[in-house]
Amino acid sequence: MSLHIHAADGEIAETVLLPGDPLRAKWIDETFLENPSCYNNIRGMLGYTGTYKGKLISVQGRGMGVPSAMIYYYELIHYYGAKNLIRVGTAGALQKKLQLGDIVLAMAASTISAFNNKIFAHSHFAPIASFQLLQKAANYAEKMKLPYLAGNILTSDIFYNDDPEEYRIWAKYGVLCVEMEAAILYSLAAKHQINALAILTISDSLVTGEKSTSKERESTFANMIALALNIT
Ligand SMILES: O=P(O)(O)O[C@H]1O[C@H](CO)[C@@H](O)[C@H]1O
Ligand SMILES: O=c1cc[nH]c(=O)[nH]1
């Protein structure tokens, strides 16, 4: 049992999918898992464990932004022995070639967030994905003909930016999209020698201003979850 997750020992699987929205966790549980049970409702941050094709999988909501996500990543690693953490969620495209609904596999996560500054002082750590999970995800996406790109992404602390053009410098360096939790996931995974991958679905574009409808989000989200579940 930990402060924000009230699960008994053994109640959480070694592989955990992490959507931001706790209701997405509920939806994943109801749509994809067999024999599910809810192990957490502290702060409404729902967590479930069930089976997928006979494998034990957990799904844990983790909120938005680095501080919230870090609490859940940390507790899952420290108190529940998580070994594979897969962040699933939405991102804004920074490149014109990305269409709404496309999947991005985050090979690395650049960030404006300062959580690593204290540890690495004037140097910069490069948070990267687990190659093993990344390779499996790319293979699965190709097999299923899911439109995807793999590359660098940006973990931002800012959702509503005063300067709507600020993304351009990241775009110039090839960064694919922006979200808010992957860099801390990759940093913690490196520190604790576990596997981590962020799988993202493009929900809007900072380049064109397009946004997906709720219906589109639902179907594209399902592709992303199927991908995540099939690499575990
Ligand atoms: O869809 P999720 O996983 O929550 O991810 C993205 O959506 C939220 C912002 O709307 C942030 O958490 C961002 O990272
Ligand atoms: O963090 C996010 C998520 C989706 N779209 C954005 O622009 N930012």
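About the criteria used
- Residues numbered from 1 in each chain as written.
- Chains lettered and ligands numbered in written order.
- Predicted model: local features only at pLDDT ≥ 70, side-chain atom pairs only at ≥ 80, totals over all residues.
- Helix = DSSP H or I, 4+ residues; strand = E, 2+ residues; numbered from the N terminus.
- Rg over C-alpha atoms; globule rule 2.2 N^0.38 Å.
- Buried ≥ 20, exposed ≤ 12 C-beta atoms within 10 Å, placed from the backbone.
- Contact = placed C-beta atoms within 7 Å.
- UniProt positions renumbered as here; feature names shortened; annotations may be inferred.
- Near = placed C-beta within 6 Å.
- Nonpolar A, V, L, I, M, F, W, Y, C, P; charged D, E, K, R; others polar.
- Pairing = 2+ DSSP bridges.
- Expected span 1.5 Å × (residues − 1).
- Axes fitted to C-alpha atoms, helices over the stretch in contact; angles between N-to-C directions.
- Parallel < 35°, antiparallel > 145°, perpendicular 65-115°, else oblique.
- Left-handed = near helix turned anticlockwise from the far one by under 90°.

**Focus: the overall build of the protein chain**
Helix and strand counts for the protein chain stand at seven helices and nine strands. Over its C-alpha trace the protein chain gives a radius of gyration of 17 Å, about what one expects of a compact globule, namely 17 Å for 232 residues. For the protein chain, the residues scored as buried account for 46% of the 232 residues in total. By sequence separation, contacts in the protein chain at least 24 residues apart represent 74% of the contacts at least 6 residues apart.

**Let's talk about the UniProt feature "domain: Nucleoside phosphorylase" (unreviewed entry) in the protein chain**
UniProt marks residues 16-221 with the feature "domain: Nucleoside phosphorylase" (unreviewed entry), using the numbering shown here. Counted over residues 16-221, helix gives 33% and strand 31%. Its end C-alpha atoms are 17 Å apart.

**Section: helix α6 (residues 182-192)**
For α6, the tally of buried residues reaches eight of 11 residues, placing the bulk of the element in the interior. Those residues of α6 that fall on the buried side of the exposure criterion are Ala-182, Ala-183, Ile-184, Leu-185, Tyr-186, Ser-187, Leu-188 and Ala-189. Buried residues in α6 make contact with α2 (66-80), β5 (84-93), β6 (103-111), β7 (148-155), β8 (177-179) and β9 (195-205).

**Observations concerning the site of ligand 2**
Neighbouring ligand 2 are the residues Thr-90, Ala-91, Gly-92, Phe-159, Val-178, Glu-179, Met-180, Ser-203, Asp-204 and Leu-206. For the shell around ligand 2, the elements supplying multiple residues, two or more each, are β5, β8 and β9. Broken down by element, the shell around ligand 2 gets its largest block of residues, three residues, from β5. When its residues are assigned to classes, the shell around ligand 2 shows five nonpolar, three polar and two charged.

**Structural notes on the pairing of strand β3 (residues 47-52)**
With respect to burial, β3 is a largely interior element, five of its six residues being buried. Here strand β2 (residues 34-40) pairs with β3 via four bridges, running antiparallel. For Cys-38, the partnering residue across the bridge sits in β3 and is Tyr-48. Where β2 folds back onto β3 in an antiparallel hairpin, the turn is made up of six residues, including Arg-43, whose phi is positive at roughly 55 degrees. Pairing between β3 and strand β4 (residues 55-60): six bridges, direction antiparallel. Looking at the pairing, Gly-47 lines up with Gln-60 of β4. In sequence, β3 turns back onto β4 through a hairpin of two residues, with Lys-53 there showing a positive phi of about 50 degrees.

**Focus: helix α7 (residues 214-230)**
Taking 1.5 Å of rise per residue, 17 residues should cover 24 Å, and α7 covers 24 Å from first to last C-alpha, within 8% of that figure. For α7, the set of buried residues is Thr-220, Phe-221, Met-224, Ile-225, Leu-227, Ala-228 and Leu-229.

**Side note on the packing of α2 against α6**
Look at α2 against α6: their axes get within 10 Å of each other, and the N-to-C directions meet at 25 degrees. By the angle between their directions, the pair α2 and α6 is classed as roughly parallel. The hand of the α2/α6 crossing is right-handed. Across the interface between the two elements, Val-66, Ala-69, Met-70, Tyr-73, Tyr-74 and Ile-77 of α2 pack against Ile-184, Leu-185, Leu-188 and His-192 of α6.

**Considerations on the environment of Leu-105**
Examined against the element boundaries, Leu-105 turns out to sit in strand β6. A count of 22 C-beta atoms within 10 Å places Leu-105 in the buried class. If we ignore the near neighbours within four places in the chain, the residues touching Leu-105 are Leu-134, Ala-137, Ala-138, Tyr-148, Ala-150 and Ile-199.

**Regarding unusual backbone geometry**
Glycine aside, residues mostly have negative phi angles, and peptide bonds mostly take the trans form. If you check the backbone angles, Asn-35 has positive phi at about 45 degrees while not being a glycine. Its location among the elements puts Asn-35 in strand β2.

**Examining the environment of Ser-2**
By the secondary structure assignment, Ser-2 is in the segment before β1 (15-18). In this structure Ser-2 comes out as partly exposed when scored by C-beta crowding, with 16 C-beta atoms within 10 Å. Along the sequence, Ser-2 and Asn-139 sit 137 residues apart, while their C-alpha atoms lie 36 Å from each other. Setting aside residues up to four positions removed in sequence, Ser-2 forms contacts with Glu-75 and Tyr-79.

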